[in-house]
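Secondary and tertiary structure notes
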Amino acid sequence: MEIKVCVGTTCHLLGATELVEALKDLPPEIARKINLGYSVCFESCQGTMRPPIISINGKYHQDMNPSRMKALILKTAESERS
Amino acid sequence: MRNFVFSEIMKIRRQLMMTLAQMYEKGTLQEHLAGIPKMLLPGPHGTYRSSVYHEREVMKQRTKMYLGMDYERSRELELYELPSLIDDILGMKSDLVSRDRFVQVIKEACDSCPSGRYYATDLCRNCVAHSCYNACPKKAVEIQNDRAVINIDQCIGCGLCAKACSFYAIVKLERPCERSCALQAIAKDASFAADIDYSRCVSCGACYVACPFGATESPSHLLRTLAGIRRGEKIIAIFAPAIVAQFGPKVTLGQIKNALKKAGFSDAVAVAAGADEVAEEEAHFLEHAAGTVTTSCCPAFVDYIGKNQPDFTDRISPAPSPMIALAKHLKTGTGKIAFIGPCIAKKLEASKGPFVDYVLTFEELGALFIAKGIEPAAQEDATVEGSRLGWGFAAAGGVTAAVKELCTRDLRTLRMDGLAEGKETFQTARQEKFDLIEGMACAGGCIAGPGIMVNPKVAAGALKKAGSAT
């Protein structure tokens, strides 16, 4: 699973650091499958999307918080397994 | 040292700062100002509170404070009345501008939380011993519907019932702001909202961090700094050592320096350079000093001594704070200085002298970068001023370490790590002889200040690698 967290200033101010922290708390069998990267900016926060933004397998997700992000990751992991 | 947990309060604050700064930069602030609360809180239902109208009212008051206005003096003003006044407000010509109060309570946001009373929760098992009932000297505990109930008219708040309960079922009701304030500077006004007693307050910002309703707020210099840049003022940005790691692990100090220059500041210099000078000066002074000297870099600590330990006032180090030391060197005729740090008390310190014109917190700097469309991570790296000793000032114990290393004689030192340790520290200082007392109003030092963006533990780790090797 490819996860990118935007660490641009807007996302940083609105909680991206919390997301990076939360990624460390994932169950090890899921954490092993994650290929984590940082993006300086997806640049979509200025227009259509609400920061903080992450991308999972190339798909953007807006207005993230640790619990919403975890739920998305678990869902993606589930669908990858099946 | 406090933990740092990102909260909705921070999100509300930062979103509003960003919106105001972006609108100002686009030149649409006057036109859209009155509509901001509705734009950010579209309704029809409340986002955080039960009523969206209540939320908007709070945001209205917060907006005025972010424009730099004094809460008390501008409380009755509506946002639609501001466009004609805004140039005077941002130009500091208006009486509505806050000049000496940088921690204020937005009464509309204050929940008037109960405090000073005891409450029997439903953990009460209506035990046979009825220890609470027996422990109460005022017969304020009654047993109703199979559980203890405390009659608030008779309760004197002694807490004996809570101590007596075997089930921890009785709790003390406390206001988070009151609990956070080590100086008992938070009282209640006629309608029981929190009210700051400015004869005790040292502007440390603990209540700004603690209030879960975001009711404590600080009038901002953000928009006025942007206005200064637009007027073409030559503003030198000086950034506090606590800036390490504030923009995330990917952003270097040199990139922040270059980002500041790109944002319109004429230059950007690390305050660590000023800290180096202060450390030298204090070490030099202590070579021959008789009696105790206290540090002077934390303005809330200096204010604390004046208000609570007046017999130590003449023991405060003659060295200026690193901010002032550096600003004195850099200040020229019409030039201005903007200090960027984690601190609210610095706004008050700056207002007392001619050297520093603008004070921004890291959060506000973030909003400024966003408004200017500058991404610090995309800038080129550069070398920054200051030795590892000067950078060390940002964490508790850093000043002591620097002065000890530079002073040739052995120093006996004492530390006040947070205002809560104040009483004890100064009691010890009266009983034994110390050469240097280091005081930090925020436990952990500046990296745990009210305007930070990252966990102080992360900043402490990054701080160890900052600065040249002297």
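Scroll up to find the structure.
Below: a short report on this structure. Predicted model, so just to flag it, every value in this text is computed and none were measured.

**Structural notes on the interface of chain B and chain A**
Listed per partner, the contact involves 22 residues of chain B and 17 residues of chain A. Across the interface of chain B and chain A, roughly 1,500 Å² is buried in total on both sides, 64% from carbon and sulfur atoms. Contact with chain A buries surface across chain B, with Phe6, Lys11 and Glu375 of chain B losing the most and accounting together for 33% of the total. Aspartate 63 of chain A is the partner of lysine 11 of chain B in a salt bridge, and the nearest nitrogen-oxygen pair spans 3.2 Å. The interface formed by chain B and chain A holds four residue pairs in polar contact (both at pLDDT 80 or more) in total. Of all the elements in the fold, those that place two or more residues in the side of chain B that touches chain A are α1 (8–26) and α17 (362–372) of chain B. Residues that form the side of chain B that touches chain A fall into these classes: 12 nonpolar, five polar and five charged.

**Details of α17 of chain B**
All names here are of chain B. Counting buried positions along α17 yields 10 of 11 residues, so the element is predominantly enclosed. For α17, the set of buried residues is Phe362, Glu363, Glu364, Leu365, Gly366, Ala367, Leu368, Phe369, Ile370 and Ala371. Positioned one or two residues after α17, glycine 373 has a phi angle of 70°, which is positive.

**Things to note about the packing of helix α13 (residues 272–288) of chain B against helix α15 (residues 322–330) of chain B**
If you want to describe how two helices pack, look at the angle between their axes and the distance between the axes. All names here are of chain B. The N-to-C vectors of α13 and α15 enclose an angle of 105°; their axes lie 7 Å apart at closest approach. In this view, α13 runs roughly perpendicular relative to α15, as classed from their interaxial angle. From α13, Ala273, Gly274, Ala275, Glu277 and Val278 reach across to α15, where they touch Pro322, Ala325, Leu326 and His329. A breakdown of the residues in the contact of α13 with α15 according to their chemical character gives six nonpolar, two polar and one charged.

**Thoughts on the pairing of strand β1 (residues 2–6) of chain A**
A regular strand places its side chains so that they alternate between the two faces of the sheet. Residue and element names in this part refer to chain A. Across five bridges, the pairing between β1 and strand β2 (residues 35–39) is parallel. Bridging from a neighbouring strand, isoleucine 3 pairs with leucine 36 of β2. Strand direction decides the pairing type here: β1 and strand β3 (residues 54–56), joined by three bridges, are antiparallel. Residue valine 5 lies in a different strand from β3, and its bridge partner there is isoleucine 54.

**Observations concerning the pairing of strand β15 (residues 436–440) of chain B**
Residues and elements named next belong to chain B. β15 sits mainly inside the fold: five of its five residues count as buried. Side chains Leu436, Glu438 and Met440 project from β15 onto one buried face, and the interleaved Ile437 and Gly439 project onto a second face that is buried too. Pairing analysis gives two bridges linking strand β11 (residues 293–294) to β15, with the strands arranged parallel. Bridging across to β15, threonine 294 finds its partner in isoleucine 437. Bridging between strand β14 (residues 413–417) and β15 involves five bridges; their strand directions are parallel. Bridge pairing in β15 places leucine 414 opposite isoleucine 437. A crossover connection joins β14 to the parallel β15 through helix α20 (residues 422–431); in handedness this β-α-β unit is right-handed.

The rules we used
- Residues numbered from 1 in each chain as written.
- Chains lettered and ligands numbered in written order.
- Predicted model: local features only at pLDDT ≥ 70, side-chain atom pairs only at ≥ 80, totals over all residues.
- Heavy atoms only, no water.
- Contact = heavy atoms within 4.5 Å.
- Buried area = accessible area lost by both parts, 1.4 Å probe.
- Salt bridge = Lys/Arg side-chain N within 4 Å of Asp/Glu carboxyl O.
- Polar contact = N/O pair within 3.5 Å; in protein donor to acceptor, adjacent residues only side chain to side chain.
- Helix = DSSP H or I, 4+ residues; strand = E, 2+ residues; numbered from the N terminus.
- Nonpolar A, V, L, I, M, F, W, Y, C, P; charged D, E, K, R; others polar.
- Buried < 20%, exposed > 50% of the residue type's maximum accessible area, 1.4 Å probe, protein only.
- Axes fitted to C-alpha atoms, helices over the stretch in contact; angles between N-to-C directions.
- Parallel < 35°, antiparallel > 145°, perpendicular 65-115°, else oblique.
- Pairing = 2+ DSSP bridges.
- Right-handed = clockwise from strand over helix to strand, strands pointing away.

By themselves, these are just geometric observations and shouldn't be taken as functional.
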